[in-house]
Amino acid sequence: MIGMVRDLSLRVGVTPTDGVLPAPPRVLIVDDEPKNLVAMQAILEGPDRELVCANSGEEALRHVLNGDFALIILDVHMPGIDGFDTAELIRQREQTRDTPILFITAAVRGEFAVSRGYSLGAVDYLLRPLEPDVLRFKVGVFVDLYRKTAEIRSQAAELARAEAFLTSVLQGATEHAIAALDTAGRIVVWNEGARRIYGYAHEAVAGRHVRMLFDDDAQGALPQALLKHVDRQGRAEGEFWQRRVAGGSFVARITISRREEASGAGGGYVFVSRDITAERQAEQARAELYQLREANAIKDEFLGIVSHELRTPLTMILGNAQSLGARFRSLPPDVVEESLREMTLNARRLQAMVESMLLLSHLETGHDVESEPVLVQRLVPGIVKDFGEAFEGVDIRLDIDGDLPPVEANSTYVHQIVSNLLSNAVKYGAKGSPIEVVATQLPDAVRVAVLDRGSGITEEEATRIFEPFTRLDRTQFQAAGAGLGLTVCKRLVSALGGTIGARPREGGGSEFSFTLRALDASKAGVAGALAGDIA
Ligand code: ADP
């Protein structure tokens, strides 16, 4: 695993000494002559090192046991354990096997001594009398070498620590799949999270292109495009469908970024992915719950209004029925007649309300509307004719373009919309003024408008009268109504994919209009016997 992490070339800053300065390199000087020791000390003293003196082989060995030395300078000729023996003992210890030794001798006792010294690991010989500069220079080289070696060792330890840290982060991140890709997009590192999320072991993915993780029909076009994007922008992220080893897809939030090498060269990509299926489901459940609460609140409000609106006509009917029941014989016929008329009117109002509400609830359930090709120029005159027969004496004038394209509609719905608008124009229009029905062509639709010269409506009123139970104060006594007719019209029009609106009419009165979508030319051919004949 360490090898795999090395590949990531991630850099983590670790302070090597944690603020404590490393001890300076130590140099051990061994000589039985105190004056030699003093002289050498004087030559070698320096701020970057610590000098330790010993006047016998035994003492030197004791020092060696107690710590590391950058260099040991050994006088060859000493009573007791001589320099060579001391060196031999030093070499036998594992910890000091490689410590450099510099032998100092008054005179070289022949080739044998020299070669013995070298065989004991002497790095050099110096002859007395010593040349201070040469001694200083040589010792300086070893002190430097020791320091650099120590630095490299500590950097290596740092790297090992950083690697261990990264490995634990990488492997501990089990909620995230983390993979390193080479420059060709092939997987080289695969963490425990990736194994858990995708189900593949490292061996199963190593060297394979990252496209294997994408649920992409276009032969890996998407992952290729993502890697290209990273090449240009340095990073790509988004939510994509992924594939598991056991089959089955899931949505993951994915980030791919450039994998920088310490040298600055592009070293491939880092791929991080997280399965967000559960997150998505929770979001959806929250949204559904919210919608349900909303719907419930709307239903509650609607029920409140409905019960209030139903109570008024019911109270009227009940009141009239009670007084008729109690005093039927004693009441003059015209009062009885008025009571019965009021009861009928309110019963009709109740009936209209119940029917409108049933229709609204039917539309609420969101069932499909059966639409058919309809010719407005044929359908609307029929509706107007029917209406005129029911409301005798109403003057309705038609202004309908004969070349209107067929529209996508449902004749029963259109019948209901136009009848409602006409009935309002009669109720709230000016007596004696004609009602106009105009049908014109729009770019992709047909517009039908019903215009009257009544009390009219303002722009502000026009925005709210389509809401259930909205009745304008000024029309309260003009006609009885439940305030549901326009709501029904709005729902019917939107079920057909059209729009409805109202505005004040120039010269007084109001204009109510709705649009129906024109049938596209390819479907128009099917129209055959176009609806419109229903009237
Ligand atoms: P209703 O006619 O039963 O009250 P509607 O939903 O059809 O219910 O109309 C809502 C309100 O809009 C009416 O009460 C009336 O105030 C206003 N309104 C509708 N049509 C017209 C119109 N042609 N002119 C003026 N006001 C109208």
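What this report covers is the structure whose coordinates are included nearby. (Residues numbered from 1 in each chain as written. Predicted model: local features only at pLDDT ≥ 70, side-chain atom pairs only at ≥ 80, totals over all residues. Heavy atoms only, no water.)

### Digging into the pattern of salt bridges
Basically, it comes down to this: Salt bridges are identified by distance alone: a Lys or Arg side-chain nitrogen within 4 Å of an Asp or Glu carboxyl oxygen. Helix and strand labels come from DSSP, where a helix needs a run of H or I of at least four residues and a strand needs a run of E of at least two; each type is numbered from the N terminus.
Going through the model one piece at a time under the given rule, you end up with 28 salt bridges. Here Arg147 and Asp48 are joined by a salt bridge, their closest N and O atoms 3.5 Å apart. Here Asp48 lies in the loop between α2 (34-44) and β2 (50-54) and Arg147 lies in helix α6 (residues 132-172), a separation of 99 residues in the sequence. Taken together, the shared-partner salt bridges connect Glu239, Arg253, Arg274, Glu279 and Arg280 into one network.

### A look at the site of the ligand
Using the following cut-off: Note on definitions. A residue lies near a molecule or strand when any single heavy atom of the residue is within 4 Å of it. Here a polar contact is taken to be a pair of N or O atoms separated by no more than 3.5 Å, where protein atoms must pair a possible hydrogen donor with a possible acceptor and residues adjacent in sequence count only if both atoms sit in side chains. Note that accessible areas follow from Shrake-Rupley with a 1.4 Å probe, and for residues the cover is restricted to the protein chains shown. Only protein atoms enter the 1 Å grid used here. Points where a 1.4 Å probe fits but cannot escape make up a cavity, open sets with protein on both sides within 12 Å along at least five of seven lines make up a pocket, and a residue lines them when an atom lies within 4 Å of a point. In this scheme, a molecule is assigned to a cavity or pocket if more than half of its atoms are within 2 Å of the grid points. Here the term charged refers only to Asp, Glu, Lys and Arg, the term nonpolar to Ala, Val, Leu, Ile, Met, Phe, Trp, Tyr, Cys and Pro, and the term polar to all other amino acids, Gly among them.
Looking at the ligand, there are 19 residues lining it, with Asn424, Tyr428, Arg471, Thr475 and Leu486 nearest. One nitrogen or oxygen atom from the side chain of Lys427 is found 2.9 Å from an oxygen atom belonging to the ligand. Contact between the ligand and Thr475: an oxygen atom at 2.7 Å from a side-chain N or O atom of the residue. Its free accessible area being 530 Å², the ligand has 98% of it covered by the protein chains. If you map the ligand onto the pockets, it falls in the largest pocket. Tallied by class, residues from the shell around the ligand come to 8 nonpolar, 8 polar and 3 charged.

### Structural notes on the side chain of Asn346
Selection rule: Should any heavy atoms of two residues lie within 4.5 Å, those residues are counted as being in contact.
Tracing the backbone through its elements, the reader meets Asn346 in helix α11 (residues 333-364). Among all residues touching Asn346, those that are not within four sequence positions of it are Pro313, Met316 and Ile317.

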